[in-house]
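In case you want the letters, here they are:
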Amino acid sequence: RAWRALKSDGPAFAVVGDMSLLGGVPTSRIADLAEATAVFGEVLPVLHDPVGAPVMTGRPNPSAAPAVIRWIETATRLALSGKAAGLVTAPIAKA
């Protein structure tokens, strides 16, 4: 919902995660966070990193944990380096 609300006026943001989990939203794979602003008005930019495990909403899967950790670490590095102005996580299953 955030992308739909902000796509016209921003601020631009990107997702670090698996594009296949973002159903119902047009997405575009970006290789660098700097590319996000150029496509944000048309698609949700994604720094794609496949989860590599089955995902079911509301059902934690320990096999997905390594990907979730990578996504958080990647986003944290982007924020700490100054390439990203902030970091917001989606709900994280902790089972």
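These remarks concern the structure in this document. None of the values given here were measured: they were computed from a predicted structure.

## Some points on the packing of aromatic side chains
Alright, step 1. Here the structure, examined in full by the defined rule, presents 1 aromatic pair.
Alright, step 2. With 5.0 Å between their ring centres and 65° between their planes, F13 and F40 make a pair best called edge-to-face. Highlighted residues: F13 in the loop between helix 1 (2–6) and strand 1 (15–17) and F40 in the loop between helix 2 (36–39) and strand 3 (44–48), separated in sequence by 27 residues.
Alright, step 3. Judged by its relative accessible area of 28%, F13 is partly exposed.
Alright, step 4. Relative accessible area serves as the criterion here: at 3%, F40 is assigned to the buried category.

## Notes on the sheet that holds strand 1
Alright, step 1. Taking strand neighbours across the sheet as the criterion, the 3 strands line up as 1-3-2 in an open arrangement whose pairing is parallel. Of all strands in the sheet, those with a lone pairing partner are strand 1 and strand 2 (27–29), marking the two edges. Along the sheet, successive strands turn relative to each other by an average axial angle of 35°, direction set aside.
Alright, step 2. Pairing analysis gives 3 bridges linking strand 1 to strand 3, with the strands arranged parallel. Looking at strand 3, one finds that G17 is bridged to H48.
Alright, step 3. Sitting on the sheet, helix 3 (residues 65–81) is in contact with strand 1 and strand 3, with an inclination near 145° to strand 1.

## Observations concerning the nonpolar core
Alright, step 1. Core analysis: the largest hydrophobic core is formed by 6 residues, namely I30, L33, A36, L47, L78 and A84.
Alright, step 2. Once residues within four sequence positions are removed from consideration, A84 is found in contact with L33, L78 and A79.

Rules behind the numbers
- Residues numbered from 1 in each chain as written.
- Predicted model: local features only at pLDDT ≥ 70, side-chain atom pairs only at ≥ 80, totals over all residues.
- Heavy atoms only, no water.
- Phe/Tyr/Trp six-rings, centres within 6.5 Å; stacked < 30°, edge-to-face > 60°.
- Helix = DSSP H or I, 4+ residues; strand = E, 2+ residues; numbered from the N terminus.
- Buried < 20%, exposed > 50% of the residue type's maximum accessible area, 1.4 Å probe, protein only.
- Pairing = 2+ DSSP bridges.
- Axes fitted to C-alpha atoms, helices over the stretch in contact; angles between N-to-C directions.
- Contact = heavy atoms within 4.5 Å.
- Core = buried A, V, L, I, M, F, W, Y, C linked by side-chain atoms within 4.5 Å.

Any functional reading would require information that these geometric values do not contain.
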